Amino acid sequence: DFKLSIPTTWMFLSRYVRVAEVDKITEYLGFYLAELSLLEYTLLQYLPSQIAAASVMLALYNRNKPHWSATLEYYTGYTPRALRECATILHRVHFNAKVSTLPAIREKYSVHHLGGVAQIDVKELRPSLFDEPY
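The shown structure was predicted, so the numbers you read here are calculated from the model rather than taken from an experiment.

Each value, and the rule that gives it
- Residues numbered from 1 in each chain as written.
- Predicted model: local features only at pLDDT ≥ 70, side-chain atom pairs only at ≥ 80, totals over all residues.
- Heavy atoms only, no water.
- Axes fitted to C-alpha atoms, helices over the stretch in contact; angles between N-to-C directions.
- Helix = DSSP H or I, 4+ residues; strand = E, 2+ residues; numbered from the N terminus.
- Parallel < 35°, antiparallel > 145°, perpendicular 65-115°, else oblique.
- Contact = heavy atoms within 4.5 Å.
- Phe/Tyr/Trp six-rings, centres within 6.5 Å; stacked < 30°, edge-to-face > 60°.
- Buried < 20%, exposed > 50% of the residue type's maximum accessible area, 1.4 Å probe, protein only.
- Polar contact = N/O pair within 3.5 Å; in protein donor to acceptor, adjacent residues only side chain to side chain.
- Salt bridge = Lys/Arg side-chain N within 4 Å of Asp/Glu carboxyl O.
- Core = buried A, V, L, I, M, F, W, Y, C linked by side-chain atoms within 4.5 Å.

**Regarding the packing of helix α2 (residues 24-36) against helix α5 (residues 84-96)**
Step number 1: It is at 9 Å that the axes of α2 and α5 come closest, and there the two elements cross at 95°. With respect to their mutual orientation, α2 and α5 come out roughly perpendicular. Contacts between α2 and α5 involve Leu-29, Tyr-32, Leu-33 and Leu-36 on the former and, on the latter, Leu-90, Val-93 and His-94.

**Let's talk about the environment of Pro-7**
Step number 1: Tracing the backbone shows Pro-7 in the segment before α1 (9-20).
Step number 2: A C-alpha to C-alpha distance of 14 Å links Pro-7 and Leu-44, two positions 37 residues apart in sequence.
Step number 3: The contact partners of Pro-7, leaving out residues within four places of it in the chain, are Phe-12 and Pro-48.

**Quick word on the packing of aromatic side chains**
Step number 1: Within this structure, the stated rule accounts for four aromatic pairs.
Step number 2: Considering the side-chain rings of Trp-10 and Phe-31, the 6.3 Å spacing of their centres and the 50° angle between planes classify their relative orientation as tilted. Pair noted here: Trp-10 is in helix α1 and Phe-31 is in helix α2, with a separation of 21 residues, a long-range link.
Step number 3: The exposed category is assigned to Trp-10, whose relative accessible area is 56%.
Step number 4: Ring plane angle 45° and centroid distance 5.3 Å describe the contact between Tyr-32 and Tyr-109, whose orientation is recorded as tilted.

**Concerning the side chain of His-67**
Step number 1: Topologically, His-67 is positioned in the loop between α3 (48-62) and α4 (70-76).
Step number 2: In terms of polar contacts, His-67 uses its side chain to reach the backbone carbonyl oxygen of Leu-129, at 3.2 Å.
Step number 3: Setting aside anything within four residues of it in sequence, one finds His-67 in contact with Met-57, Leu-60, Tyr-61, Pro-80, Leu-129 and Glu-132.

**Things to note about the pattern of salt bridges**
Step number 1: Tallying each qualifying case throughout the model produces nine salt bridges.
Step number 2: The partner of Glu-35 in a salt bridge is Lys-108, and the shortest N-O contact between them spans 2.9 Å. Of the two residues, Glu-35 sits in helix α2 while Lys-108 sits in helix α6 (residues 104-108), which places them 73 residues apart along the sequence.
Step number 3: On the basis of relative accessibility, which here comes to 39%, the residue Lys-108 falls in the partly exposed class.
Step number 4: When the shortest N-O distance is used, the salt bridge between Asp-131 and Arg-84 registers 2.9 Å. Here Asp-131 is found in the segment after α6, whereas its partner Arg-84 is found in helix α5, with 47 residues between them in sequence.
Step number 5: A relative accessible area of 27% means that Arg-84 is categorised as partly exposed.

**Considering the nonpolar core**
Grouped burial of nonpolar side chains is what soluble globular proteins tend to show.
Step number 1: The biggest cluster of nonpolar side chains holds 41 residues, and the ones touching the most others in it are Leu-13, Tyr-32, Leu-43, Val-56 and Tyr-109.
Step number 2: Within the residue set of this core, elements represented by two or more residues are α1, α2, α3 and α5.
Step number 3: Ranked by residue count, the leading element in this core is α3, at ten residues.
Step number 4: For Val-56, the residues in contact, after removing those within four places along its chain, are Leu-13, Tyr-16, Val-17, Ala-20 and Leu-72.

Shown next, in the form of structure tokens:
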């Protein structure tokens, strides 16, 4: 009995947060970013694995942790430079989430049992982030 499915951002993200060994708040922030990506049409051009990797990178960065590692590069197959466009769009979506007319995801991740990550201030994205050594 075969059960096949299309790989989703959630599947990749679950793997990447384990590899990155993040704390629960950073994990919830990654999942919040990934869900926010569903609201942005321009992110449809990116693979689920790219969106998941960009979500992890931005979650780590926003929590003032090293934003990438050789281990993440090995398991994701991406460098920060390769994620620049996707991560920049995702950061914009995250930055604008508080004023979005579609509040369901923000409200979901504002609750305590999901770490209230929707209430965390969005850190300004440095363009040099994608070229910095890790």
